[in-house]
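# Understanding the architecture of this molecule
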Amino acid sequence: MENNFPRDITTDTIAAIATAPGAGGIGVVRVSGPLAAKIAEQILKHCPAPRNAAYLPFYQADGSLIDRGIAIYFPNPHSYTGEDVLELQAHGGTALMQILLARCIECGARHAVAGEFTQRAFLNDKLDLAQAEAVADLINAATVEAARSAVRSLSGEFSQAIQTLLQQLIDLRMYVEACLDFPEEDIDFISQGRVLEKLQSNQSALQTIFRQAKQGSLLREGMNVVLIGQPNVGKSSLLNALSGEDIAIVTPIAGTTRDTIKSVIQIEGVPLHIIDTAGLRETEDAVEQVGIARTWKAIDTAHVALLLVDSQHGIGPFENSILERLPVQVQKIWVHNKIDVSRETSRIEKRENETHVFLSAKVGDGIPLLQKTLLEIVGYQPGGEGVFMARARHLVALEQVEIHLDSAARQMHAAELVAEELRSAQEALSSITGEFTPDDLLGEIFSRFCIGK
């Protein structure tokens, strides 16, 4: 994505509406930059005392009244962006917010682009990159657990864990590189310095961070779950049972669902993007054929596939043929539905490394067992403390660190190779907080924020 941030980002003054679009009781226009105090003087007739909420009239250039509201002035560096910041809180009418923003532009500010306030906070060392990303994650959090994890990252818990491990890597790297300065000495500095022992300690700390970050990634991204099976096995009934509402049409007529139906629910705070698909079968119906093609497309992007079968009939050749076509990376759960008809009890069975859940989507018996199984199969542990909100790029960086540390542990015979692997691990880890992050990636990250943040 093209970086749309202006080159003079730290020298000009920006303004934007900081509250959500639409009418509301209160709306906020935020201004940041060196002209913030002068803009306050033009709109308010004087600049309020620093960090004091003042109830004042807001004026147009001709002296006419725009509105009365709260004005707060934050002189640098004690502000969100690290610059002079002015916040104007007025009645939250859509037109009124636009009028107030236009007045700020008239006084010398320019329109902010998406994420520009937070980018300035990052550039002025008010936040590191992981904390800046947590701002957007907190705004977009869809569950209570996701919001809590985002707050942990925003408060610096994730960054502190990264910085602690980073400092340990730097110390170890410095020692190993110092050993290279004395090649003629008949001393095994690697053994004396317990380099392998310290490296293994770093690997253990990395695994803890990775586990917490992976949990946070699930809270942020959720998982894609696709329901597949023959027509009339109860896929739509299961979707309705999991979502708690009648999203899909349920009839005894095979082929009722002819297109994919998507629903977002949550289990223990983890968002599930559930896709009910057209029943897989041979058909001459052109519309149903399109739905079946979309079914296979949905399967390709799924994390988990729920393979539904009628508990009275079990798994047959057709179901096994579907299993053979599933992508290797997709986790599979067999769901034996309609146990209310076959008069079985709800349960979970393990068969040859495969999970089988017996339930009735119609009456809800066994649904909690399926929910529990879904969380287990993706490795989520409900109620975990210290979970950090994490993104895909964080997990990729942590995986790279793991690769380099593993490689270093295998090459203890060559100090120069150990030093190089530690350098690469340090660089990968530093990319999480933004110390070694390329500008194009920064543009990609901040451009996904809302305008005004």
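The numbers attached to residues start from 1 for each chain and follow its sequence in the written order. At least 70 in pLDDT is required for a residue's local features to be given in this predicted model, at least 80 for side-chain atom pairs to be given and counted, and no such filter applies to totals for whole chains, interfaces and linings, which use all residues. The basis for every side-chain value is the complete set of heavy atoms in the structure, and neither hydrogens nor water enter the calculation.

With that settled, the discussion passes to the overall build of the chain. Here a strand is any run of E in DSSP of at least two residues, a helix any run of H or I of at least four, and the numbering for each starts at the N terminus. In terms of helices and strands, the chain carries 16 helices and 13 strands. Looking at the chain residue by residue over its 453 residues, the buried ones come to 50%. A separation threshold of at least 6 residues defines the contact pool for the chain, and within that pool the share at least 24 residues apart is 65%. Carbon and sulfur atoms make up 51% of the accessible area of the chain, which amounts to about 21700 Å² in all. Whether a residue is buried, partly exposed or exposed follows from its accessible area with a 1.4 Å probe, protein chains only, as a fraction of its type maximum: under 20%, in between, or over 50%, in that order. The contact criterion used is simple: two residues touch if any of their non-hydrogen atoms lie within 4.5 Å. Method for areas: the Shrake-Rupley scheme with a 1.4 Å probe, in which residue coverage is limited to the protein chains shown.

A separate point is unusual backbone geometry. Residues Asn76 and Pro77 are joined by a peptide bond in cis, for which omega reads 0°. We note that Lys45 has phi near 80°; this positive angle belongs to a residue other than glycine. Within the secondary structure, Lys45 sits in the loop between α1 (36-44) and β3 (54-59). With a phi angle near 60°, Arg343 is a residue other than glycine that sits in the positive phi range. By secondary structure assignment, the location of Arg343 is in the loop between α12 (339-342) and β12 (347-351). Under the relative-accessibility criterion, Arg343 is labelled exposed at 78%.

Turning our attention to the pattern of salt bridges. Each reported salt bridge corresponds to a side-chain nitrogen of Lys or Arg within 4 Å of a carboxyl oxygen of Asp or Glu. Considering all chains together, one arrives at 17 salt bridges under this definition. For Asp12, the salt bridge is made with Arg110, and the minimal N-O distance between the two is 2.5 Å. Here Asp12, found in the segment before β1 (14-17), pairs with Arg110, found in strand β6 (residues 110-111); they are 98 residues apart in sequence, far enough to count as distant. Residue Asp12 pairs with Arg120 through a salt bridge whose shortest N-O separation is 2.6 Å. One end of the pair, Asp12, is in the segment before β1; the other, Arg120, is in helix α3 (residues 116-123), with 108 residues separating them in the sequence. Residue Asp12 shares its accessibility class with Arg120, and that shared class is buried. Within the structure, one salt-bridge network assembled from shared partners comprises Asp12, Glu83, Arg110, Glu116 and Arg120.

Now for the UniProt feature "binding site: K(+)" (unreviewed entry) in the chain. The feature "binding site: K(+)" (unreviewed entry), as annotated in UniProt, sits at Asn232, Thr251, Ile253 and Thr256 in this numbering. Take Asn232: it is sitting in the loop between β7 (223-229) and α9 (235-243). Among the residues examined, Asn232 registers a relative accessible area of 36% and is labelled partly exposed. UniProt positions are given in the numbering used here, feature names are shortened, and annotations may be inferred rather than shown by experiment.

Here strand β13 (residues 354-358) lies mainly inside the structure; four of its five residues are buried. Any two strands with at least two DSSP-identified bridges between them are counted as paired. Note that strand β11 (residues 331-337) and β13 share four bridges and pair parallel. Along β13, the bridge assignment pairs His336 with Phe358. Sheet analysis places β12 next to β13, joined by five bridges and oriented antiparallel. Residue pairing for β13: Glu349 is matched across the bridge by His356. Between the antiparallel neighbours β12 and β13 lie two residues, among them Glu352 with a positive phi of about 50°.

This part covers the sheet that holds β1. Strand pairs in the sheet, formed through backbone hydrogen bonds, run parallel or antiparallel to each other. Spatially, β3-β4-β5-β2-β1-β6 is the arrangement adopted by the six strands of the open sheet, whose pairing is mixed. A single partner strand is all that each edge strand has here, and the edge strands are β3 and β6. The sheet contact formed by β1 and strand β2 (residues 24-32) spans four bridges and is antiparallel. Within β2, the position partnered with Ala16 by the bridge is Arg30. Packing against the sheet, helix α2 (residues 94-106) makes contact with β1, β2, β3, β4 (65-74), β5 (85-92) and β6, and its axis sits at approximately 155° to β5. Angles run from 0 to 180 degrees between N-to-C directions of axes, and those axes are lines fitted to C-alpha atoms, restricted for helices to the stretch in contact.

This part is about the packing of aromatic side chains. For Phe, Tyr and Trp, where Trp contributes only its six-membered ring, two rings pair if their centres lie within 6.5 Å, and the inter-plane angle classes them as stacked under 30 degrees, edge-to-face over 60, or tilted in between. For the structure on display, the rule yields zero aromatic pairs. Directly above the aromatic system of Tyr59 lies the positively charged group of Lys45, at a separation of 5.1 Å from the ring centroid. Here, a charge over a ring is recorded when the distance from Lys NZ or Arg CZ to the ring centre is within 6 Å and its angle to the ring normal is within 35 degrees. Across from the ring centre of Tyr175, 5.9 Å away, lies the NZ or CZ of Lys198, which sits over that ring.

Attention now moves to the side chain of Arg391. Counting through the fold element by element, Arg391 comes out in the loop between α13 (367-377) and α14 (392-409). One polar contact links the side chain of Arg391 to the main-chain carbonyl oxygen of Glu133, over a distance of 3.3 Å. Contact partners of Arg391, with chain neighbours within four places excluded, come to Glu133, Ala136, Asp137 and Arg220. Counted as a polar contact is a pair of N or O atoms within 3.5 Å, where, for protein atoms, one must be capable of donating a hydrogen and the other of accepting one, and residues adjacent in sequence contribute only when both atoms are in side chains.

For the pair helix α6 (residues 157-179) and helix α15 (residues 415-433), interaxial distance at closest approach is 9 Å and the crossing angle is 160°. When the axis of α6 is compared with that of α15, the two are roughly antiparallel. By crossing handedness, the relation of α6 to α15 is classed as left-handed. Residues Phe158, Ser159, Ile162, Gln163, Leu165, Leu166, Leu169, Ile170, Leu172, Arg173, Val176 and Glu177 of α6 touch α15, and the partners they reach there are Ala415, Val418, Ala419, Leu422, Arg423, Ala425, Gln426, Leu429, Ser430, Ile432 and Thr433. Polar here means any residue outside two lists: the nonpolar Ala, Val, Leu, Ile, Met, Phe, Trp, Tyr, Cys and Pro, and the charged Asp, Glu, Lys and Arg; Gly therefore counts as polar. When grouped by side-chain class, the residues that make up the contact of α6 with α15 number 15 nonpolar, five polar and three charged. By definition in this entry, angles of less than 35 degrees are roughly parallel, angles greater than 145 are roughly antiparallel, angles of 65 to 115 are roughly perpendicular, and the rest are oblique. Left-handed is the label given to a crossing in which the near helix is rotated counterclockwise from the far helix by less than a right angle, and right-handed is the label when the rotation is clockwise.

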